[in-house]
Amino acid sequence: MKYYSTKNKNLSISATEAIIKGLPDDNGLFFPKEIPVLNKSFYDNLHQLSTTEIATEVLGPYFKEDIPSIELEKIINKTFSFNLPLIEVKKDVFSLELFHGPTLAFKDIGAKFLAGCLNYIAQDNPKKLKVLVATSGDTGSAVAHGFYGVENVDVVILYPKGKISEFQEMQMTTLGKNIIALSIDGTFDDCQKLVKTAFLDDKLNNSLQLTSANSINIARFLPQSIYYFSAFTHLSNKVQDVVFSVPSGNYGNLTAGVVAQQMGLPIAHFIASSNANDIVPKYLETGLYTPRPSISTISNAMDVGAPSNFERLLELFRNSSMNEMVTGFSFSDIETAENIASVYNECKYILDPHGSVGYLGLEKYLENNEAVGVFLETAHPVKFKEVVEKVLDLTIPIPVHVKPSTNPSLKIEMKNNYSHFTDFLLNSRST
Ligand SMILES: *Cc1c(COP(=O)(O)O)cnc(C)c1O
């Protein structure tokens, strides 16, 4: 598969180049030349296939020219090493639990897959790779764990000081080795801007081989389409009209769902569920795309004012109507918190704030539409226990496979200042 830039259709580069570069020079986004439709026999057998078998079929066309199938299989086996259960919360409403990985969030999957790809690519690379990632919380911890100990790759994570949960901060600041965490005095958008500026900085790129791990990287974005295939394997063959509600921030997850659909997965409709950062729902309503500074909410992994995958969504809907396939809704923190309480009272199911936004979107859509609904539960409620425990007045135990680290924090505090950041990059090295 070759990749072009959403800003330059004539570009044609390999998966390896697209993975290493992260972003094209023209500030667009890499996009596959083709979204291949998989064989009917694959779909006929879907229910018999394991997640890793599905991933091999789905991801093969995008990566196999660059990563030999045996290596790709190894990466896939490491990536999809935990369950993606589908839980019926109430009649025709299912929670696709994507939070059973090491950092309890769906980003574990994309991060692990990208780490595997980069680890393979870096074997032949003359310069050590440096991954830069801006995070509003979950990306950072997932990337930190996905890359921890990977030999030829250093990781620098930027997060907005005081704006992520203690648990998230602990997960990325206590690892050490090849993982460096920068606490930036600013917002998530400031962190993202520092990273984006660094990628476009020729002087810096002459000295360092930088690469991205945000959802903009094709090796993070594409594997997310597997969630949707996996959900179908749990639903009866007889079910018609399956709709997915995706709690969204940067829209990587929802965009990957649209990729799955265009590969032939029979998804009937998508619901773009957002918190107060309602840029995409507003676009769907008015046709106007108006990015703006992000607003802090209790579903903070979705506090994004300029969703980075929006251009990919436009690309996927070049020949069809986004409005016919995607409905957008936005919910306040009060609605999100009240819904956590009412779903617990009614169904004894504990939502996290992001899943709660997804649930609300689904419920609203189902008021006027007949369908079986799946909402993506993107984080374990314990990751947002400050919110969930207060609303429900109970204690959520941390799953046994994720013990809080007792190691000291190794975070480095930094002003929101580009030259401080580049000085640091040029002089830092892993411990
Ligand atoms: C990142 C994240 C989201 C948003 O996903 P996007 O792909 O950026 O839209 C939702 N929920 C949680 C818990 C997340 O970490």
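All values derive from a computational prediction rather than experimental measurement.

Visitor: It is not clear to me how the overall build of the protein should be interpreted in this structure. Could you clarify?
Guide: When you go through the protein residue by residue, the secondary structure sums to 19 helices and 14 strands. The globule rule puts the C-alpha radius of gyration for 431 residues at 22 Å, and the 20 Å found for the protein is close to it. C-alpha atoms of the protein, sized along the principal axes, occupy 55 × 50 × 45 Å. In the protein, the share of contacts with a sequence separation of at least 24, taken over all contacts with a separation of at least 6, comes to 76%. Summed over its atoms, the accessible surface of the protein is roughly 17,400 Å², and 49% of this surface lies on carbon and sulfur atoms.

Visitor: Any chance you could explain the sheet that holds strand β2 (residues 8–14) here in plain terms?
Guide: Pairing between the strands of a sheet comes from backbone hydrogen bonds, and it takes one of two forms, parallel or antiparallel. The sheet built from three strands is open, its strands ordered β2-β1-β3 with antiparallel pairing. Lying at the two open borders of the sheet, with one neighbouring strand each, are β2 and β3 (30–32). Taken over all neighbouring pairs, the strand axes of this sheet differ in orientation by 40 degrees on average, direction set aside. Here strand β1 (residues 2–5) runs beside β2; their pairing, made up of three bridges, is antiparallel. Across the sheet, tyrosine 3 pairs through a bridge with isoleucine 13, a residue of β2.

Visitor: In this structure, what is going on with helix α19 (residues 418–427)? I would like to understand it.
Guide: The periodicity of an α-helix, 3.6 residues per turn, causes residues three or four positions apart to be oriented the same way. The set of residues buried in α19 consists of Phe421, Thr422, Phe424 and Leu425. In a view along the axis of α19, the buried residues occupy a sector of 160 degrees, so they form one face of it. At the N-terminal end of α19, a side-chain oxygen is found 3.0 Å from the backbone nitrogen of serine 419, two or three residues along, and the residue is asparagine 417.

Visitor: Explain the pattern of salt bridges here, please?
Guide: Think of it this way: side chains of opposite charge can pair up when their charged atoms draw near. According to the stated counting rule, one finds 13 salt bridges in the structure shown. When the shortest N-O distance is used, the salt bridge between lysine 74 and glutamate 71 registers 3.6 Å. Here the residue lysine 74 and the residue glutamate 71 both occupy positions in helix α4 (residues 69–79), the gap between them amounting to three residues, near one helical turn. Its salt-bridge partner being arginine 318, residue glutamate 315 comes within 3.3 Å of it at the nearest N-O pair.

The rules behind the values
- Residues numbered from 1 in each chain as written.
- Predicted model: local features only at pLDDT ≥ 70, side-chain atom pairs only at ≥ 80, totals over all residues.
- Heavy atoms only, no water.
- Helix = DSSP H or I, 4+ residues; strand = E, 2+ residues; numbered from the N terminus.
- Rg over C-alpha atoms; globule rule 2.2 N^0.38 Å.
- Contact = heavy atoms within 4.5 Å.
- Areas by Shrake-Rupley, 256 points an atom, 1.4 Å probe, with all protein chains shown as cover.
- Pairing = 2+ DSSP bridges.
- Axes fitted to C-alpha atoms, helices over the stretch in contact; angles between N-to-C directions.
- Buried < 20%, exposed > 50% of the residue type's maximum accessible area, 1.4 Å probe, protein only.
- Arc of directions from axis to C-beta.
- Polar contact = N/O pair within 3.5 Å; in protein donor to acceptor, adjacent residues only side chain to side chain.
- Salt bridge = Lys/Arg side-chain N within 4 Å of Asp/Glu carboxyl O.

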